[in-house]
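# Commentary on secondary and tertiary structure
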Amino acid sequence: MLKFMLACIMLMPLVNTWWAVQSSLFILTFVLMLYCHHDFDNYMAGWCFSIDSLGYILILLSFWITALVVCSSQKVLKENNYPPLFLLINIFLLFFLIMTFSANDYLLFYISFESSLIPTLILILGWGYQSERLQAGVYMLFYTLFASLPLLVSLISLYNMSGSLTLGLVESVKGADFISSIWYVVTVFAFIVKLPMFLVHLWLPKAHVEAPVAGSMILAGVLLKLGGYGLIRVLPLFGEANKNLSWLWVSISLVGGVVVSLMCLRQVDMKALIAYSSVAHMGLVLSGLVVFGWWGVNGAVVVMIGHGLCSSGLFCLANMVYERVGSRSLLISKGLMSFMPSMALWWFLLSAGNMAAPPTLNLLGEISLIISVVSWSKLTMVSISLLSFFSAAYTLYMFSLSQHGKYYSALFSCCSGKVREYLILMLHWLPLNILILKGSTIMYIL
């Protein structure tokens, strides 16, 4: 992975040439794909960095989403809104993400995990739409830092106990007494906020609504996955405590998922609706992770990849509508099928992916998660049934309200879609549906 970190550093002098950075990111993504047949049982070791199959998949997703982010942010270049600085921030963010997913030391993982917050904050504050972006930035900063400082104390305690913070060498915490349970909650809480779980999710809709399209795409596509990745790395250290307290996370996330789904049904802001739907999806992912069975962990990773592609595509679509109509409100952005007929197909395809319809990757992941959580407790069937139903309901609500009806009378002419926009949407949708053919291989690798 060091060679890809060096490639990111080498991209930095090219920030004055937009097309060079854009094409280089796509080339690096396709070069990274050549490693997909590598034997990940033997780590690709480097200085303080190593990569297994999970890290590889998430690094590939990071490269893919960042390339699409640069491709979809042409408005920054067109309006000359500091494009070199914008590219530099995105490259820095990609660099920190590669560091996070390939770190083989818990402290290095923590530092790069927190470092990814800084470029995201700059994206929201620098290129956001409205003055409320300051409040959104503060929300995101305080929620994340409030939860992550206790994690640092926990990692120092683990170092004092084990004498090492290298992955695989840290001694697991024995027993499930009061101290171990508190230690477990403190460690896990930072990742649960980042995921985010219901009750600590308020920063996410605010950040999404105020962020530019680049911020929304990379936040939904990759940054939410940091929480899931961190849980997979940390939960094996707290086996007994996790077994005793998993009921807490499962109940909050499943009941919270149903509540958030009902909130989605009364949203009128397009970006807020997609952001709240992310909280509902991540609730099911969290349930599968804390149960920590084979089906649960693999299903969670597959849903994280599928959600990253699908949610990023939906935010991209919402931005395309916003650029033409000038509003994110579903009350104004109605009748888009008459207004932009070619784009209606992409709305339908990505909405189908959001409700986990076949043949999307989300379907495979959600079936695995449902098997895992229901085998843990039959009682969860009630919440999962409601969650699945309302997931389809709010997605259809968004699609039907935005596509059907009489379009806003102030609109008089519009470009239905540029080739670049269709290419971006195709590059979101194609992996989402093609990867299910290799879904069993992904689960086997993991």
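None of these values were measured; they are calculated from a predicted model.

## Some remarks on helix H5 (residues 83-102)
- Over its 20 residues, H5 runs 29 Å from end to end, which matches the ideal 28 Å to within 8%, given 1.5 Å per residue.
- The buried fraction of H5 amounts to 16 of the 20 residues, a majority that puts the element mostly inside the structure.

## A closer look at the UniProt feature "domain: NADH:quinone oxidoreductase/Mrp antiporter transmembrane" (unreviewed entry) in the protein chain
- The UniProt feature table records "domain: NADH:quinone oxidoreductase/Mrp antiporter transmembrane" (unreviewed entry) at residues 103-390.
- Secondary structure over residues 103-390 splits into 77% helix and 0% strand, and the C-alpha atoms at its two ends are 38 Å apart.

## Overview of the environment of Gly 405
- With respect to the helices and strands, the residue Gly 405 is situated in the loop between helix H18 (380-403) and helix H19 (419-434).
- Remark: the alpha-carbon pair of Gly 405 and Ala 352, spanning 53 residues in sequence, is separated by 20 Å.

## Observations regarding a nonpolar patch on the surface
- A cluster of nonpolar residues, Trp 294, Trp 295, Ile 367 and Ile 371, forms a patch on the protein surface that exposes about 420 Å² of accessible area.
- Breaking the nonpolar patch down by element, the ones donating at least two residues are helix H14 (294-325) and helix H17 (361-376).
- Position of Trp 294 among the secondary structure elements: in helix H14.

## As for the pattern of salt bridges
- Scanning the model with the defined rule gives four salt bridges in all.
- One salt bridge in this structure joins Asp 269 and Arg 328, with 3.2 Å as the shortest N-O distance. Separated by 59 residues along the polypeptide, Asp 269 in the loop between helix H12 (239-264) and helix H13 (270-291) and Arg 328 in the loop between H14 and helix H15 (336-339) bring together distant segments of the chain. For the pair formed by Asp 269 and Arg 328, the shared burial category is buried.
- Among the ionic pairs, Arg 324 bridges to Glu 421, the shortest N-O distance being 2.8 Å. Here the residue Arg 324 occupies a position in helix H14, and Glu 421 occupies one in helix H19, the gap between them amounting to 97 residues.

Quick notes on the rules
Residues numbered from 1 in each chain as written. Predicted model: local features only at pLDDT ≥ 70, side-chain atom pairs only at ≥ 80, totals over all residues. Heavy atoms only, no water. Helix = DSSP H or I, 4+ residues; strand = E, 2+ residues; numbered from the N terminus. Expected span 1.5 Å × (residues − 1). Buried < 20%, exposed > 50% of the residue type's maximum accessible area, 1.4 Å probe, protein only. UniProt positions renumbered as here; feature names shortened; annotations may be inferred. Patch = residues over 30% accessible without salt bridge, like charges linked within 9 Å, V, L, I, M, F, W, Y side chains within 5 Å. Areas by Shrake-Rupley, 256 points an atom, 1.4 Å probe, with all protein chains shown as cover. Salt bridge = Lys/Arg side-chain N within 4 Å of Asp/Glu carboxyl O.

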